[in-house]
Amino acid sequence: MSNELSIALAGNPNAGKTTLFNALTGSRQHVGNYPGVTVDTKEGHYSKNGLSCRLVDLPGIYSLSPYSEEEVVARDYLVNQRPGVIINIVDAANLERNLYLSCQFMEMGVPMVIALNMIDVAKKRGIEIDPDRLSELIGLPVCPIVARSGQGITELMVTAIAHAREHSKWQPAKISYGEDLDAAMIDLTEIIASHHFLTSDYPARWTALKYLEKDDRHLSIGDSVDVELSSQLVAKVEQVSRHLEQTVGSEPDAMIADHRYGFIKSILKQNVVHRTMDHDRLYASDRIDQVLTNRFAGPLIMLLVLLGLYNFTFTYSALPVAWCGAFFSWLAGLADIFVPDGYFKSMLIAGVIDGIGGVLGFVPLIMFMFFGIALLEDTGYLARVAFMMDRVFRVFGLHGSSVMAYIISGGIAGGCAVPGVMATRTLRSPKERMATLLTVPFMNCGAKLPVIALLVGAFFSENQAQYMFLFTLLAWVMALLAAKLLRVTVLRGASTPFVLELPPYRFPTFQGLLIHTWEKTWQYIKKAGTVILGISIVLWAMMTFPGLPDSDRQVFEDERQEISAQVSPALLAELEGPDEPSPEALAVMGDLLAVGGAEAEAALRYSVAGKIGTAMEKVSWLPGFDWRTNIALVGGFAAKEVIISTLGTSYSLGEVDPEASDSLGATLANDPSWDVVKALAVIIFVMFYAPCFVTVACIIKEAGSWKWGVFSITFNTLFAFLLSSLVYQVGSRLF
Amino acid sequence: MAKIFLRQMAKNQSGVITAVKVGGELGQRIRDMGLVPGTEISIQGRAPLYDPVALRVMGGTLSLRNNEADFVEVEVEDE
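The following refers to the structure shown.

So, how was this worked out
- Residues numbered from 1 in each chain as written.
- Chains lettered and ligands numbered in written order.
- Predicted model: local features only at pLDDT ≥ 70, side-chain atom pairs only at ≥ 80, totals over all residues.
- Pairing = 2+ DSSP bridges.
- Helix = DSSP H or I, 4+ residues; strand = E, 2+ residues; numbered from the N terminus.
- Contact = placed C-beta atoms within 7 Å.
- Nonpolar A, V, L, I, M, F, W, Y, C, P; charged D, E, K, R; others polar.
- Core = buried A, V, L, I, M, F, W, Y, C linked by C-beta atoms within 7 Å.
- Buried ≥ 20, exposed ≤ 12 C-beta atoms within 10 Å, placed from the backbone.

All names here are of chain B. Direction of pairing for strand E2 (residues 14-20) relative to strand E3 (residues 40-46): antiparallel, over a ladder of three bridges. Along E3, the bridge assignment pairs Ser14 with Ser42. As paired elements, E2 and strand E6 (residues 72-76) share five bridges and run antiparallel to each other. Among the inter-strand pairings, Ile17 is bridged to a residue of E6, identified as Val74.

Okay, structure coming up:
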């Protein structure tokens with residue numbers, strides 16, 4: 001169906017674009033993939049009354065400038081994909097500003113229909129709009145609709161499809177930008193048209209306009225086609241610019257924007273809008289804001305809301321997460337019974353099942369978290385959070401919206417960096433967003449907590465609660481400082497303009513929330529799942545191969561034989577039997593297990609991971625880590641709680657359950673190589689080193705390049721290494 | 001009538017924009033949101049730390065950081 005009509009939905013954020021898209025396509029939609037772009041473009045299908053078409057939901061934008069990824073994606077889509085018509089959805093209660101984007105589509109010349117949304121809300125605010133009059137004045141069909149209830153959307157589609165059939169050619173609207181610029185436009189358009197410069201993709205008038213606006217992106221497209229002509233145009237624009245600077249003290253792009261608004265104002269003045277109420281009165285939304293962004297109540301309420309979100313996410317997801325865990329343990333149990341012993345079985349359980357379990361175990365958590373965020377976003381509260389927190393976060397080169405991602409990642413100890421990284425999507429400023437998503441893994445997530453708790457319990461048992469709180473605080477301080485460090489180095493550059501809309505509070509639609517939640521969850525499963533299975537198997541192999549040589553294994557086997565030979569066969573039979581074994585038999589079992597533990601320790605040390613761990617001692621003496629700690633930290637890359645089980649194996653304790661690690665704690669506390677300073681150095685390293693690979697997979701996905709994944713691993717590990725070395729070296733001299 | 005910058009405006013004070021004295025991305029963003037000469041605005045409030053500032057424009061609410069508001073010149077009634 002490649003020649004099926006395609007319709008693009010475009011409009012301002014908060015104009016109800018997604019609601020309209022959901023109403024038109026229902027569940028028949030999917031997220032489009034554009035390589036190297038982190039902006040989603042959703043596609044869906046519409047069919048009703050014998051009319052059918054493909055619908056594309058473009059990102060919400062305010063303008064067609066080249067400054068944000070959203071705007072560039074929308075522009076490129078229109079030019080490269082050539083949709084039959086765009087439905088430009090505008091908020092009737094906010095018509096003047098919304099028409100600014102419409103105006104730019106008209107300048108581009110794409111066939112377009114205006115969907116005048118939320119006429120019900122506008123009416124309540126005393127704003128009545130005459131759609132026919134508006135249509136007559138701008139020369140485009142205008143359809144009044146209420147996307148939320150579906151009112152008028154069938155008529156909208158009939159109009160749009162008919163309009164697409166009648167208008168296949170792009171016809172740029174001629175808007176006046178003042179005498180000087182109009183003359184320049186004619187001049188430039190003529191040159192462009194006579195040279196057929198870019199005219200196969202763009203109307204000549206549009207190219208002229210973009211050159212006048214000094215639109216970097218369009219200029220570089222022009223340069224790549226014909227440098228000579230392009231620089232000739234740039235020279236002409238410079239001439240006009242200088243003239244304007246001298247006569248009116250303004251730049252062409254500013255003048256163009258002013259005239260666009262002038263054009264809109266002149267239209268709206270011609271009996272399009274009728275106001276029946278004073279337009280300065282306070283609406284319900286403003287009254288809510290007087291409380292929610294109040295100087296004193298505002299921050300307090302925000303704290304409660306964020307705590308609520310956090311509790312909602314982590315409390316209610318605990319049960320389904322446990323179900324997932326139980327399911328995978330059950331699966332591992334099945335494999336244990338039915339698959340013959342050997343490397344395949346070990347890989348199946350430790351590599352495949354644990355790996356997939358690690359990914360799917362997060363699914364309920366992610367669903368709850370995205371439901372919570374969608375709720376805050378769709379009601380309009382998230383924008384208020386950004387508004388209130390911005391002053392604080394700006395100091396560190398971040399954005400007010402960054403706070404959400406930090407909290408979810410473990411800003412309140414026990415979060416998870418995976419949904420945290422994904423939550424940075426709500427940030428529209430690219431540099432601030434990158435700095436946020438690279439530093440959220442510094443927070444104390446739920447998997448680091450048992451490791452920290454183990455060491456705190458073993459070495460700082462007197463003030464456990466205070467120490468845990470201290471480490472949460474430390475995570476915040478370090479994450480924010482690291483963000484600042486990134487913003488003055490690899491991500492340096494002026495902050496992205498804040499200019500943020502505070503949309504009126506609205507009740508979100510339940511359908512919208514569910515679609516949003518499912519979409520994000522599915523993306524996570526798809527992207528993370530493939531990477532993680534591979535890495536999980538690699539890590540398993542590293543900790544398994546090469547196996548102990550036969551001669552070494554024989555030594556352990558001999559030891560076991562020796563123990564067995566010394567006791568009576570009756571006692572051994574007792575161990576195999578169904579009854580509770582006697583204390584003597586238990587003692588024998590303990591001896592046998594000790595040998596098994598020693599063998600596992602020897603095997604781990606002999607494996608690739610063990611060799612790496614031993615080799616790392618060359619540098620790891622700085623923070624005071626021996627090979628045992630090193631292997632555990634390597635294992636922690638799979639998931640931080642693996643640090644405990646690996647540490648257990650390397651101390652010959654066999655597998656240690658992270659939830660019940662008392663024996664390990666006692667072993668460490670009594671081990672002469674461990675002391676308070678080393679424990680502190682390890683805790684700090686665990687807090688800040690490479691994120692687990694599920695998080696890394698998400699970082700790669702969200703940042704749009706695997707290079708950021710590599711950067712994250714390297715930067716964090718280096719950061720942690722320096723910090724823990726400092727603590728250890730200074731600490732061991734002081735104590 | 002006096003010309004002041006948006007940052008200096010008090011809560012609930014209103015005025016008409018006379019100039020936006022910045023170009024580039026910031027200038028573009030400010031204009032995109034409807035802050036162009038001739039537009040009427042009023043200050044709705046400020047964030048708890050007095051920055052950013054929230055203002056009403058064309059029936060919607062916008063917020064700007066103070067250092068961004070410094071570029072917007074407004075004509076207000078004399079006190």
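This is not the end of the story, as more comes after the structure.
With that out of the way, let us pick up the interface of chain B and chain A. Opposite the 31 residues of chain B that make contact, chain A presents 31 residues. Mapped by element, the contributors of at least two residues to the side of chain B that touches chain A are helix H1 (24-32), E3 and strand E5 (60-64) of chain B. Looking at which element gives the most residues to the side of chain B that touches chain A, the answer is H1(B), with eight residues. Here the residues of the side of chain B that touches chain A are counted per class, giving 14 nonpolar, ten polar and seven charged. Here strand E10 (residues 500-501) of chain A runs beside E5(B); their pairing, made up of two bridges, is antiparallel. When the bridges of E5(B) are listed, Glu501(A) appears paired with Leu62(B).

With 216 residues, the main nonpolar core has Leu9(A), Ala92(A), Ala115(A), Leu116(A), Leu455(A), Ala479(A) and Ile683(A) as its most contacted residues. Of all the elements, helix H31 (residues 676-688) of chain A adds the most residues to this core, at eleven residues.

All right, on to the sheet that holds E2(B) then. Neighbouring strands of a sheet are bound in pairs by backbone hydrogen bonds; such pairs are parallel or else antiparallel. Spatially, seven strands are ordered E10(A)-E5(B)-E4(B)-E3(B)-E2(B)-E6(B)-E1(B) in an open sheet, and the strand pairing comes out antiparallel. Either end of the sheet is taken by a strand with one partner, and the two such strands are E10 of chain A together with strand E1 (2-5) of chain B. Pairing of E3(B) with strand E4 (residues 53-57) of chain B, which is carried by five bridges, proceeds in the antiparallel orientation. Paired with Ile41(B) across the bridge in E4(B) is Val57(B).

Among all residues save glycine, negative phi is the norm, and among peptide bonds the norm is trans. Along the chain, Phe545(A) connects to Pro546(A) via a cis peptide bond; the corresponding omega equals -10 degrees. Tracing the sequence through the fold places Pro546(A) in the loop between helix H23 (510-544) and helix H24 (550-566). That bond from Asp51(B) to Pro52(B) is cis: its omega, -5 degrees, falls within 30 degrees of zero. In this structure, His196(A) takes a positive phi of about 50 degrees despite not being glycine. As for its position among the elements, His196(A) is in the loop between helix H7 (179-194) and helix H8 (204-212). Take His196(A): there are 10 C-beta atoms within 10 Å of it, and that puts it in the exposed class. Phi at Met58(B) takes a positive value of approximately 50 degrees, unusual for a residue other than glycine. Within the secondary structure layout, Met58(B) lies in the loop between E4 and E5.

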